[in-house]
Amino acid sequence: MCSCYYSSVWLHVNTGECNLASKHVPLQYLITLHWFETLFLCVFQRMPAPIRLRELIRTIRTARTQAEEREMIQKECAAIRSSFREEDNTYRCRNVAKLLYMHMLGYPAHFGQLECLKLIASQKFTDKRIGYLGAMLLLDERQDVHLLMTNCIKNDLNHSTQYVQGLALCTLGCMGSSEMCRDLAGEVEKLLKTSNSYLRKKAALCAVHVIRKVPELMEMFLPATKNLLSEKNHGVLHTSVVLLTEMCERSPDMLLHFRKLVPQLVRILKNLIMSGYSPEHDVSGISDPFLQVRILRLLRILGRSDDDSSEAMNDILAQVATNTETSKNVGNAILYETVLTIMDIKSESGLRVLAINILGRFLLNNDKNIRYVALTSLLKTVQTDHNAVQRHRSTIVDCLKDLDVSIKRRAMELSFALVNGNNIRGMMKELLYFLDSCDPEFKADCASGVFLAAEKYAPSKRWHIDTIMRVLTTAGSYVRDDSVPNLIQLITNSVEMHAYTVQRLYKALLDDISQQPLVQVSSWCIGEYGDLLVSGQCEEEEPIQVTEDEVLDVLEGLLVSNLSTPVTRGYSLTAIMKLSTRFSSVNRIKKVVSIYSSSIDVELQQRAVEYNALFKKYDHMRPALLERMPIMEKTASNGPTEIMQTNGETEPSVPDTKHLPLVTQPANQANDLLDLLGGNDVVPVIQTTLPTKPASAGGELLDLLGDLSLSGGLAPAPSVPVSQPPFLLDGLSSQPLFNDTSAAIPPMTAYSKNGLKIEFTFERANPNPNIAVITIHATNTTEADMTEFVFQAAVPKTFQLQLLSPSSNIVPALNQGSVTQVIRVLNPQKQQLRMRVKLTYTHKGSPVQDLAEVNNFPPQSWQ
Amino acid sequence: SPGTVLETHCTRRQNISHIRFILIQNRAGKTRLAKWYMQFDDDEKQKLIEEVHAVVTVRDAKHTNFVEFRNFKIIYRRYAGLYFCICVDVTDNNLAYLEGIHNFVEVLNEYFHNVCELDLVFNFYKVYTVVDEMFLAGEIRETSQTKVLKQLLMLQSLE
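The structure presented is a predicted model; accordingly, all values stated were derived computationally and were not measured.

**Looking at the overall build of chain A**
In terms of regular secondary structure, chain A is built from 37 helices and twelve strands. When the 863 residues of chain A are sorted by exposure, 54% land in the buried category. Residue pairs in contact within chain A that sit at least 24 positions apart in sequence constitute 68% of those at least 6 positions apart. In the form shown here, chain A has an accessible surface area of approximately 38,800 Å², with 52% of it arising from carbon and sulfur atoms.

Now the structure itself:
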């Protein structure tokens, strides 16, 4: 305020005007005034001391809106910037602290980066401390100034005060770049050997960071690790174990080297458990649980795939498992780590059962965290220790009702893994109940799981169909697209249940036509078995009375309903058409078909036009074309690429190829006209029989029929040209439906070179003996993992090959594990199996590629 | 995008599991502490903070204290209005880290004498000191509360 007054006086004096107050002021007086004025201005215009951190925080917190806060911050940033420009050492620390606070709120602070460096270089501890904090928050590897810190850190690592050394170690350990680590590794290593335990702890973890950044430097720290475990100080022990763990996980050589430490680790763990109350590291009565957990983890790594080490730790693991207090989370944390270790090493079966029982007890715990970890672990072990996990089945099923979504999901996965022939009925009841009430995100997976389980273990056909019905009616819209053809095939093959099935499906349609998969399956069935429906032939339950017209009403209703998708409409139109040979009301059907031949939907239109043509020009073929479907054999289960075969009666086998595409197509319907006759799986069949005539609407059908000599009625299948691919021909040789016999075929070594060995094991595909199922096992005897491993195979033209996905693409070193992959080879002409394989992988950093021929297949694999 | 950064880091370090970051946030999403043990840009950090906040505040007492987050998982616990979150690898021991969080909070409580959010706000640089005394390089470093408190008091006397 003063300055304003004086400057206004100054102004007035300058312009020669005087205001009323100073009208009669003599000149000398004015000159003195001027002198005072400048003095005051100097004082007032120099920057005031920057405000304290606390005050800034308080001020910012009073801001009521985001805009107000931003304004305050901008103002303060400007003040800080000016202060930085003045190179004022006194307030730098305060300013940087304020800058860091504002940075935490989300505002940019990069102009303070250099200031942090200056603080680090200062001698005052308070400066260094804020400087290092600033470095950790503002300076990451990507900043250019990052490297400038190296020298400061180096000096500070050798500082006389341990707290300064600590700061330097901490900063290096949290965000040191690879170059910095390389430069300073020596200093860290020195500090690892110091007697000061405060520094040793920090140095150990700093070393961990260095190793992570520059793995080659690991060797450097080896000498310092010699006596790490004989430390009494828990903190040093803890960080040493972490360092050892990191080294062992990174390098198989180190792992071998440190295996000899197992007895020492076991002893330390024993002391921890047996020793009395140790107040410094006690948590709820357990001495240093964190150290126990880390030791258990290190033991796990050391004992993995090594019998001797695993044996040496058996006792202590059993002891920890039985003696640890389970009333609080901390005890359970230790138990959990113990279980993980037991499951990973080569433990004896008694110990494994103990571990699974611990997990079972966890499931009953009130704490949902513990239930969650138990379910996660059980899921991992259910394949290997199936029987032991089965014992806890009822508890697992109870977890389906848990409130937490992740627990429910794991319980569901685990439940499906536990379903077998003995418990299928009970389990399915629970799972169907779950399906009814679960969240939508689960429904698709649950439905698929139910179908899979039902297919594997259904106690009876009727039960199977009922289960499918239940899923379709309760979760029908969540069912996966590929279940529709699977279900249709299942129904077709359950011959004695046709009447029952169609009746139930019809009734379901009357209730609800919104769930598309249900509607599609139902329309297909009605089209196929409509005659059974109206004749009331059902044995399983009370047959319903329904007329042909009622059935046609329902199907036509689907055609016009808004709820029906185009795919569904296709299904219902075809179903209506099929009924023309099963029902007597042919005229009605003819009318419907002709109406739709001018439908806007191109797909429907084409179908209608072709059916129309069938009525008009090829009526003599209609009965045969629309005959009952034969039983279909399935050679692959629930895979996206199914190899469908027909094993039917000779007469309608050829025309049935027209039906197959319609059935296998539903989900992947393209509007491509040509696709009508070419299904995903049946392309090879059609391609060889279709002559190359120009495509035209309805033309395809005629071409197919025109190609085969059908003039004198239907020719039996053998007259079909020899160039036809194996699928059809195979289906016609006499084969029982489900072939159970598969003589054991000896395994063989397909490839063995440079430490990589690939073994083939065989089994016959059930039920088609023309398909050999080969499982490859790839193992690696070298000391480095083979990563990015890819196995490719090629076979001669008379064969067909299908490669399923591999178990992983890393072949672990020293035979610690194997990669498996399944190959299916179709060999209908029973030719000698030959294969060319191509292997690519990365070994010790360099890519490797090899080609090889495999000719030594045992005769039983292809005969 | 943070997703790809985290994923690349994941594939590069196959078996190694450690802490990726520690966050303290309040219910409104204001960060009271952010300690990163991996390299991120400022924007990536901000995005991660927002995502963690979104994922964690939506959960209540009937959920577990673990939540899957991209290729990792977050162990978290709510103390009054603050969420303490630690991001670790999927293979890490959830229960042990839960204990780690509690240990950390107990130290804060002791150091600030019945700590409340404002303590953490006005003394944010001291909170970082506590973190750096108990964690380093993404690992738990010192677990003894008495030892940590002793060190903190020593450091304080140097100011």
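**Quick notes on the pattern of salt bridges**
Scanning the entire structure with this criterion turns up 50 salt bridges over all chains. A salt bridge links Asp-306 of chain A to Arg-259 of chain A, with the shortest nitrogen-to-oxygen separation between them at 3.7 Å. Of this pair, Asp-306 of chain A sits in the loop between helix H15 (289–303) and helix H16 (307–323) while Arg-259 of chain A sits in the loop between helix H13 (252–258) and helix H14 (262–274), placing them 47 residues apart in sequence. Put simply, Glu-528 of chain A and Arg-582 of chain A hold a salt bridge, and the shortest N to O gap is 3.8 Å. On the criterion of sequence distance, the pair formed by Glu-528 of chain A in helix H28 (residues 516–534) and Arg-582 of chain A in the loop between helix H30 (566–578) and helix H31 (586–596) is long-range, its members being 54 residues apart. Overall, the relative accessible area of 0% leaves Glu-528 of chain A in the buried class. For Arg-582 of chain A, a relative accessible area of 15% gives the class buried. One network of salt bridges, with partners in common, ties together Arg-212, Glu-246, Arg-250 and Arg-294 of chain A together with Glu-139 of chain B.

**Examining the packing of aromatic side chains**
Aromatic ring pairs are described here by two measures, namely the spacing of the ring centres and the angle between the planes. All names here are of chain B. Following the criterion strictly, the structure yields 18 aromatic pairs over all chains and no others. Seen in terms of ring centroids, Trp-36 and Phe-40 are 5.5 Å apart; in terms of plane orientation they differ by 75 degrees. Their pairing is edge-to-face. Across this residue pair, the class does not change: Trp-36 and Phe-40 are buried. Plain terms: the ring middles of Phe-84 and Phe-104 are 6.1 Å apart, the flat faces sit at 75 degrees to each other, and that makes the pair edge-to-face.

**A look at the environment of Gly-530 of chain A**
All names here are of chain A. Tracing the sequence through the fold places Gly-530 in helix H28. With relative accessibility at 0%, the residue Gly-530 sits in the buried group. Other than its neighbours up to four places away in sequence, Gly-530 contacts Cys-525, Leu-579 and Phe-583.

**Details of the sheet that holds strand E1 (residues 21–26) of chain B**
Each strand in a sheet pairs with another by means of backbone hydrogen bonds, the pair being arranged parallel or else antiparallel. Residues and elements named next belong to chain B. The strand order across the open sheet formed by five strands is E2-E1-E5-E4-E3, and the pairing between neighbours is antiparallel. The open sheet has two edge strands, strand E2 (31–36) and strand E3 (66–69), and neither has a second partner. Averaged over all pairs of adjacent strands, the angle between their axes in this sheet comes to 20 degrees, without regard to strand direction. Inspection of the sheet shows E1 paired to strand E5 (residues 82–89) by six bridges, in the antiparallel sense. Residue pairing in the sheet places Gln-25 in a bridge with Tyr-83 of E5.

**Some words on H15 of chain A**
Taking 1.5 Å per residue, 15 residues should reach 21 Å; H15 of chain A reaches 21 Å between its end C-alpha atoms and fits that length. Of the residues flanking the end of H15 of chain A, it is Ser-305 of chain A, one or two places downstream, whose phi is positive at about 50 degrees.

**Focus: the interface of chain B and chain A**
With 63 residues of chain B in contact, the opposing surface of chain A contributes 69 residues. Of the roughly 6,000 Å² buried where chain B meets chain A, counting both sides, 56% is carbon and sulfur surface. Of all residues in chain B, Gln-39, Leu-95 and Phe-122 of chain B bury the most surface against chain A, accounting for 12% of the area lost on that side. In this structure, the connection of chain B to chain A is made through seven salt bridges. Here Arg-59 of chain B makes a salt bridge to Asp-404 of chain A, at a shortest N to O gap of 3.7 Å. For the side of chain B that touches chain A, the secondary-structure elements that each account for two or more residues are E2, helix H2 (42–57), E3, helix H3 (94–111), helix H4 (117–122), helix H5 (124–134), strand E7 (139–140) and helix H6 (145–157) of chain B. The element that contributes the greatest number of residues to the side of chain B that touches chain A is H3 of chain B, accounting for seven residues. For the side of chain B that touches chain A, the per-class residue count stands at 23 nonpolar, 20 polar and 20 charged.

**A few points about the environment of Val-145 of chain A**
All names here are of chain A. For Val-145, the position within the fold is in the loop between helix H7 (125–138) and helix H8 (149–157). Remark: the alpha-carbon pair of Val-145 and Gln-113, spanning 32 residues in sequence, is separated by 7.6 Å. Excluding anything up to four places from it in sequence, Val-145 contacts Gln-113, Leu-114, Leu-117 and Leu-139.

**Re the packing of H16 of chain A against helix H17 (residues 329–344) of chain A**
To describe two helices that pack against each other, one gives the angle between their axes and the distance between the axes. Residues and elements named next belong to chain A. One way to put it is that H16 packs onto H17 with a least axis distance of 9 Å and a crossing angle of 145 degrees. As H16 runs across H17, the sense of the crossing is left-handed. Together, Leu-317, Val-320 and Ala-321 of H16 and Ile-334, Leu-335, Thr-338, Thr-341 and Ile-342 of H17 make up the contact between the two elements. Counted by class, the contact of H16 with H17 contains six nonpolar, two polar and no charged residues.

**What about the packing of helix H19 (residues 368–381) of chain A against H3 of chain B?**
Between H19 of chain A and H3 of chain B, whose axes approach to 10 Å, the crossing angle comes to 150 degrees. Here H3 of chain B runs roughly antiparallel to H19 of chain A, going by the angle between their axes. Across from Asn-369, Ile-370, Tyr-372 and Val-373 of chain A in H19 of chain A, the residues of H3 of chain B making contact are Asn-94, Leu-95 and Leu-98 of chain B. Taken together, the residues of the contact of H19 of chain A with H3 of chain B sort by class into five nonpolar, two polar and no charged.

**A look at the pairing of strand E11 (residues 835–843) of chain A**
All names here are of chain A. Counting buried positions along E11 yields seven of nine residues, so the element is predominantly enclosed. As defined by bridge partners, strand E8 (residues 786–794) adjoins E11 across seven bridges and the pair is classed as antiparallel. Bridging across to E11, Phe-791 finds its partner in Leu-839. When E11 meets strand E12 (residues 846–854), the two strands line up antiparallel, connected through nine bridges. Paired with Leu-839 across the strands is Asp-850, a residue of E12.

Criteria and thresholds
Residues numbered from 1 in each chain as written. Chains lettered and ligands numbered in written order. Predicted model: local features only at pLDDT ≥ 70, side-chain atom pairs only at ≥ 80, totals over all residues. Heavy atoms only, no water. Helix = DSSP H or I, 4+ residues; strand = E, 2+ residues; numbered from the N terminus. Buried < 20%, exposed > 50% of the residue type's maximum accessible area, 1.4 Å probe, protein only. Contact = heavy atoms within 4.5 Å. Areas by Shrake-Rupley, 256 points an atom, 1.4 Å probe, with all protein chains shown as cover. Salt bridge = Lys/Arg side-chain N within 4 Å of Asp/Glu carboxyl O. Phe/Tyr/Trp six-rings, centres within 6.5 Å; stacked < 30°, edge-to-face > 60°. Pairing = 2+ DSSP bridges. Axes fitted to C-alpha atoms, helices over the stretch in contact; angles between N-to-C directions. Expected span 1.5 Å × (residues − 1). Buried area = accessible area lost by both parts, 1.4 Å probe. Nonpolar A, V, L, I, M, F, W, Y, C, P; charged D, E, K, R; others polar. Left-handed = near helix turned anticlockwise from the far one by under 90°. Parallel < 35°, antiparallel > 145°, perpendicular 65-115°, else oblique.

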